[in-house]
Amino acid sequence: MADETLKLAMVGCGAPLWMYASVLKYMKCCKFVVAMDPQREAAEKFAGHTPGCKVYTEYEDVLRNKDVDAVVIASPSWYHEEQAVQAAAAGKHVLCEKPLAPSTEACDRMINACEKAGVRITVLHMKRFNKAFRKVRWLIEQGHLGKVFMMRSEWDEPSQFVIHHNRTRSDAMAMGGHFQDHGPHTVDLARWWLGEVEAVSGVIRMVNPKMPVEDLAVATLEHENGAISVHQTTVYTFRQWFERYQLFGSEGTLVVHGDRHTSSTLEAPKMTLHKGPVHHIGEAGVELEYSNQMDVTPYNAPVIDEEITANHQYLREFETFSECILQDKPFPVTVHDSRQTIAVVEALYYSAFHDKKVRLPIQHKIDLAEIFSQLGQEKLRFKM
């Protein structure tokens, strides 16, 4: 492209404001020229962080704007397919928030539409651009954990009494609840760190009696290399936000612990690497001392502007997406990565509903609409 700046349109400006606003002024090879949301006030708030940004309330106006090179789709998940297909027809590249779509069939239609139109599409998997999670990948690749055989993920959000705080997590139209919304984060990390998934089993529950979709999920993933990852997520908790990953290897154990949403803070979660043999102390042999416990947290640089420029996950995503478009390079995180993650989410729902392990790739159609139309049955609803 002759122009060295990729011009973006933000589609859906509710949640993105608190996630993206702090990085807009640091963008080098891209800029937002349009903010679109059915609620004009939300679009205006986003546009207020970018001088000259136009405000629309209709998606068709975005597609007609010839200055827009690409759309960033951050609307509720059930709009993603239609908006991506329309963007492709209009010749716009697509950067889509996760989940890519509620089902793999919808993902495939989005991918095919973009390929047919000759435009690029990928997904905002911001955790792959987070310096802490990149360091986890580096520690694994450098052999500091030996052979990783298990990962445990815990993701708890205290929002059980705010049913409609985010419709993506509490609307039956999404054909998925909290695991569809936050599960793609942990599943994508597990695939990135441990490799592809070959089998899925799990359970889901609706703890809050007013919730039309699940607010509790536990999934066990079997990876192709023999490793296992266990994913637990719920919104029904009374403590502060809790996000933790534990990786168990033949040579070490890594704990990544965050007391804040890693989407909303520049500070990395606390990272501790446990290495070496365990020594027993005292005659009873009940006290344990780890011979080598190392703090491997990637702390912030002293100058905040330098830290944001170098490491802010959303800035790095937007810049990388734009550079790949402008320079015709492959994306480091592909749309097929996200499609595989959705296949895992689909498999969890099928497993939970039919009480059976599901092997990937799935050889038959999974009817999520049918599953979630029957989610009120007793076996899936927790009895308070």
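The structure under discussion appears in the preceding block.
Structural notes, computed from the coordinates. (Residues numbered from 1 in each chain as written. Predicted model: local features only at pLDDT ≥ 70, side-chain atom pairs only at ≥ 80, totals over all residues. Heavy atoms only, no water.)

Some points on the sheet that holds strand β5 (residues 93-97)
To keep things clear, this is the line we draw: Pairing between two strands is assigned when DSSP locates at least 2 bridges connecting them. A helix here means a DSSP run of H or I that spans at least four residues, while a strand means a run of E at least two residues long, and both kinds are numbered starting from the N terminus. A fitted line through C-alpha atoms serves as each axis, taken over the contacting stretch for helices, and the angle formed by two N-to-C directions is quoted from 0 to 180°.
Here six strands make up an open sheet; going across it, the order is β3-β2-β1-β4-β5-β6 and the pairing parallel. Since the sheet does not close on itself, it has two edges, and those belong to β3 (54-56) and β6 (121-124), each with one partner. Across this sheet, the average inter-strand angle for adjacent strands is 25 degrees, counted without regard to direction. Alignment of strand β1 (residues 6-11) against strand β2 (residues 30-36), held across six bridges, turns out to be parallel. In the sheet register, Val11 faces β2, and the bridge partner there is Met36.

A closer look at the state of the cysteines
Selection rule: Cysteine sulfur atoms are paired as a disulfide whenever they fall within 2.5 Å.
For the coordinates displayed, the defined rule picks out zero disulfides. Cysteine Cys30 remains unbridged, with the sulfur of Cys29 as its closest cysteine sulfur at 4.8 Å. Unpaired in terms of disulfides, Cys53 finds its nearest cysteine sulfur in Cys13, a separation of 7.7 Å.

Some points on helix α2 (residues 40-47)
Applicable threshold: The rule is simple: take the accessible area with a 1.4 Å probe, protein chains only, and divide by the maximum for that residue type; under 20% is buried, over 50% is exposed, in between is partly exposed. Of all possible arcs, the one meant is that of the directions from the helix axis to the C-beta atoms.
Along α2, the residues that are buried comprise Ala42, Ala43, Phe46 and Ala47. The buried residues of α2 occupy an angular sector of 135 degrees when the element is viewed end-on, so they sit on one face.

Notes on the packing of aromatic side chains
For clarity, the threshold we go by: Only Phe, Tyr and Trp rings are paired, with Trp represented by its six-membered ring, and only when their centres lie within 6.5 Å; those with planes under 30 degrees apart are stacked, over 60 edge-to-face, the remainder tilted.
Enumeration according to the criterion identifies 11 aromatic pairs in this entry. Ring geometry for Phe32 against Phe46: centres 5.2 Å apart, planes inclined by 85 degrees, an arrangement best described as edge-to-face. Taken together, the residues span a long stretch of sequence, with Phe32 in strand β2 and Phe46 in helix α2 at a distance of 14 residues. Geometrically, the ring pair formed by Trp193 and Tyr245 is edge-to-face, given 6.0 Å between the ring centres and 90 degrees between the ring planes. Note that Trp193 is positioned in helix α8 (residues 178-194) and Tyr245 in strand β11 (residues 242-249), a separation of 52 residues in sequence.

Thoughts on the layout of surface pockets
With a probe scaled to a water molecule rolled over the atoms, the places where space remains empty come into view. Where we set the bar: Definitions used throughout: a 1 Å grid over protein atoms alone; a cavity as a set of points that fits a 1.4 Å probe which cannot get out; a pocket as an open set with protein on both sides within 12 Å along at least five of seven lines; a lining residue as one with an atom within 4 Å of a point. Grid points are joined across faces, edges and corners, and a volume is the space filled by probe spheres set on the points. Only Asp, Glu, Lys and Arg are considered charged, only Ala, Val, Leu, Ile, Met, Phe, Trp, Tyr, Cys and Pro nonpolar, and every remaining residue, Gly among them, polar.
Space inside the second largest pocket adds up to approximately 230 Å³. Lining the second largest pocket are 16 residues; nearest its centre among them are Thr104, Arg339, Ala343, Pro361 and Ile362. Those elements that place two or more of their residues in the lining of the second largest pocket are α5 (104-117) and α11 (335-354). Top element by residues in the lining of the second largest pocket is α11. It accounts for four residues. Residues that form the lining of the second largest pocket fall into these classes: six nonpolar, three polar and seven charged.

Section: the pairing of β2
Every regular strand shows the same layout, with side chains that alternate between the two sheet faces. To keep it simple, the criterion reads: Clockwise travel from the first strand over the helix to the second, with the strands pointing away from the viewer, marks a crossover as right-handed.
With six of seven residues buried, β2 lies mostly within the body of the structure. Bridge count for β2 against β3 is three bridges, and the pairing is parallel. Bridging from a neighbouring strand, Val34 pairs with Lys54 of β3. As a crossover connection, the stretch from β2 through α2 into β3 is right-handed.

Topic: the pairing of β1
Buried residues dominate β1, accounting for six of its six residues. Side chains Leu6, Leu8 and Met10 project from β1 onto one buried face, and the interleaved Lys7, Ala9 and Val11 project onto a second face that is buried too. Where β1 lies against strand β4 (residues 70-73), four bridges are found, and the strand directions are parallel. Residue pairing across strands places Met10 opposite Val72, the latter belonging to β4.

Describing the packing of helix α4 (residues 80-89) against α5
Heads up, the rule is: The labels follow the angle: roughly parallel below 35 degrees, roughly antiparallel above 145, roughly perpendicular from 65 to 115, and oblique for the rest. By definition, residues are in contact when any of their heavy atoms lie within 4.5 Å.
Direction vectors running N to C along α4 and α5 enclose 5 degrees, while the axes themselves pass 8 Å from each other. Classified by the angle their axes make, α4 and α5 are roughly parallel. Residues His80, Glu81, Ala84, Val85 and Ala88 of α4 lie in contact with α5, whose contacting residues are Ala106, Arg109, Met110, Ala113, Cys114 and Ala117.

Focus: the environment of Cys53
You can see Cys53 is positioned in the loop between α2 and β3. Distance from Cys53 to Ala35, taken between C-alpha atoms, is 6.7 Å for residues 18 residues apart in sequence. Leave out the neighbours within four places in its chain, and Cys53 touches Phe32, Val33, Val34, Ala35 and Ala47.

Description of the nonpolar core
Rules: Nine residue types can take part in a nonpolar core, namely buried Ala, Val, Leu, Ile, Met, Phe, Trp, Tyr and Cys, and a core is a set of them joined through side-chain atoms within 4.5 Å.
Counting 35 residues, the largest nonpolar core has Phe32 and Phe318 as the members making the most contacts within it. Listing elements by their share of this core, those giving two or more residues are β1, α1 (16-20), β2, α2, β4 and α10 (313-326). Looking at this core, the element that brings in the most residues is α10, giving seven residues. Excluding anything up to four places from it in sequence, Phe318 contacts Tyr20, Val23, Met27, Cys30, Phe32, Val72, Leu95 and Leu124. Counting residues in hydrophobic clusters, the runner-up holds 30 residues, among them Val33, Ile73, Ala101 and Ile111.

What about the side chain of Gln313?
You can see Gln313 is positioned in helix α10. When residues no more than four places from it in sequence are discounted, the contact partners of Gln313 are Met126, Phe129, Asn130, Thr262 and Ser263.

Considering the pattern of salt bridges
Let me state the cut-off plainly: The working definition used for a salt bridge is a side-chain nitrogen of Lys or Arg within 4 Å of a carboxyl oxygen of Asp or Glu.
Evaluated as defined, the whole model comprises 19 salt bridges. When the shortest N-O distance is used, the salt bridge between Asp188 and Arg191 registers 3.4 Å. Pair noted here: Asp188 and Arg191 are both in helix α8, with a separation of three residues, about one helical turn. When its relative accessible area of 7% is taken as the criterion, Arg191 is described as buried.

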